[in-house]
Structure formats: structure tokens, C-alpha cells
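Spelled out, the chains give:
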Amino acid sequence: MAVFWAVCCMIFTAGNDLTFKFFARRKRSYGLFLAIIGVIWLITAFCFVREMPGDWRATILWGAISGVFSIVGNILLLEGMRVLDAGACSTIYRLNLVPVVLGAALLLGESISPAGFAGIFCALLAVIGFMPRRQEGGGHQAVLAGIGITVVAALLRAGMGLSYRYGFMHGADSSWVVVINAVFWIGGGILYRISRENGTPAATDPAVRRRERNKLLGYGVLSGVLVAAIVITMAAGLACGNASVVLPIAQMSFILTGILGVILLKEKLGPRRIAAVLAGAAAILLLSL
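Computed from a predicted structure; not experimentally measured. (Residues numbered from 1 in each chain as written. Predicted model: local features only at pLDDT ≥ 70, side-chain atom pairs only at ≥ 80, totals over all residues. Heavy atoms only, no water.)

**As for the confidence of the model for the protein chain**
Inference 1: Residues with a pLDDT of 70 or more make up 88% of the protein chain, whose mean pLDDT is 82.
Inference 2: Confidence, expressed as mean pLDDT per element, reaches its minimum in the protein chain at helix α4 (residues 86–94) with 69 and its maximum at helix α8 (residues 174–196) with 92. (pLDDT = per-residue confidence, 0-100. Helix = DSSP H or I, 4+ residues; strand = E, 2+ residues; numbered from the N terminus.)

Printed below as a string of C-alpha cells:
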């Protein structure tokens, strides 16, 4: 069942990545976007709560730790996107599967089979295959800073997944951890809006402002449902399977995103990306053995 939930998580993540691509095509408030996601996530997560947690202390602790990893990682990813293009940031972000595997072996005592190592290698080849060839614009120092911020975001994303697994192994309730994470997204989105976007000029035309608010709300609601589904399926997979298997499979979402980008956004699919898709497919098969 762990692989099933990981594949579900991958599909939902691909849908959310595509939603974010559509959202990011125009300058909008990322803070409000994150807060709306948090609200929808919270409502959706409550639908899956069946009983009170047996260990409140562990649940609150690991819900808070994973919540901080999650919202700070995503905020840093957005900060990286201010300097780098979205494709480069997304690719670097997916490299979090490397610290996930290392952390699962060193911190969680998980054993990794030869097929698992081969799967991780194929996953890295797939990520490299999707790496943009060139970063347009921006000075050298700014680009290096953007890369550094995005690398930290990837490490925090790995920390989120590993803290899920560790928390579940030590009594944290998966349903309530997801609820606590949603609260952190609401607060983090509001703080980001206040601290980074308060001076952002708004459109002067009331009709344009209304249309942009409606689009922001629509994208936020859709992404909120998808994020809730991502976290719920990730939690379900980690509750019954190893982090070194579940998390790398979930990170293969960029393959589906790339295919959907070709279909819906008319992006190019050259030989390099075709090879990357095949490497990604091989990674999923090897990791599921």
C-alpha cells in the first residue's frame, strides 16, 4: 500500500505543480495564495479526522516541526523564484530526494536495497534531464543566492518528509499532524504577505482588481485541495512504508508535470526530456521493488 499512496501523492503533486505554473504566469500575491491554500487544506484535513490522537504531545510536537519545515521551505522556494526561473527552482527543489534517502538510512535506520540505490540514481538522472540549460537574466551573485535559497528549501522539504516518518514511528497521529501543518500555512502565508508584499501596488481598475481576486481565490482553492491530498497521501504512505521508498516516488511528479506542460502549455518535449521521463519511470519501478 505504501507504493500506491506514493504514486497517488505523485499524481496530486503534478496537478499542484501545474496549478502553480498557471498561477505564477502573472504577478500575484504569494502570501495570500499560501494562506488560502492553508484554509482549504485545514477544512479538507478535518474531513479525514476520525478520533482524537492517542498521544497529543507527540502529535503537536511533530505537527509543529513538520509544519515549520513545510511552510518555510515553500516560502524559500518562492523567494528563490524571484531570482531564478520556475523551472530551475523546481528542478533543484526535487533534489531533496537525496537527503531523504541519506536521512532515512542514517536517522531512521532504514536499509536501502541495490534496486533502491539504482532507483535513486535514475531519479537523479531524471531531475538533471529536466534541468533548464541556461538561466536567463540576473547577476552572478544574485543567481548564486537564488540557488542557495532553493537548496535550503529542498533540505527543508526533505526534513518535512523525514519528520513525518519519525513522528509516526513515535506516536504522532497522521491525521492531526496534517491539520497542524495547515494552521502553519495559514499563519505563514499571512506573515509573508505582511512582511514581503505589503507595498505591492494593486491594479487601479476595479474590474481588473475583482477579476484578479477571483483568479487568486480560484487558484488558491484548487491548490488547497491538491495540497491537502498530497499531504494526506504522503502521510498514509509514510504510516505504512519506508521514507526511502515513499518520498522519492512522490518526488517524481515533475515527469507528469512536464508531460502535462507539453499538452496544456505547449512546452517543448525534446530528446533530453524524453530520456528524463524514461529514467523517471525506471526510478519508480526500481523503488517499488
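After that view, the rundown keeps rolling.
**Structural notes on the environment of Ser-70**
Inference 1: As for its placement among the helices and strands, Ser-70 is situated in helix α3 (residues 56–81).
Inference 2: Taking the relative accessible area as the measure of exposure, Ser-70 reaches 4% and is therefore buried.
Inference 3: It is 9.2 Å that separates the C-alpha atoms of Ser-70 and Ala-158, two residues lying 88 residues apart in sequence.
Inference 4: Engagement of the side chain of Ser-70 in a polar contact is seen with the side chain of Trp-185, the distance being 2.8 Å. (Buried < 20%, exposed > 50% of the residue type's maximum accessible area, 1.4 Å probe, protein only. Polar contact = N/O pair within 3.5 Å; in protein donor to acceptor, adjacent residues only side chain to side chain.)

**Brief notes about the pattern of salt bridges**
Inference 1: All chains considered together, the criterion is met by one salt bridge.
Inference 2: Residue Glu-79 is joined to Arg-196 by a salt bridge in which the shortest nitrogen-to-oxygen separation is 3.0 Å. Taken together, the residues span a long stretch of sequence, with Glu-79 in helix α3 and Arg-196 in helix α8 at a distance of 117 residues.
Inference 3: Note on Arg-196: relative accessible area 45%, which makes it partly exposed. (Salt bridge = Lys/Arg side-chain N within 4 Å of Asp/Glu carboxyl O.)

**Let's talk about the environment of Trp-5**
Inference 1: Tracing the backbone through its elements, the reader meets Trp-5 in helix α1 (residues 2–23).
Inference 2: The exposure class of Trp-5 is partly exposed, given its relative accessible area of 27%.
Inference 3: As for Trp-5 and Ile-249, which are separated by 244 residues in sequence, their C-alpha atoms are 9.7 Å apart.
Inference 4: Excluding residues that lie within four positions of it along the chain, Trp-5 makes contacts with Thr-233, Ala-236, Gly-237 and Cys-240. (Contact = heavy atoms within 4.5 Å.)

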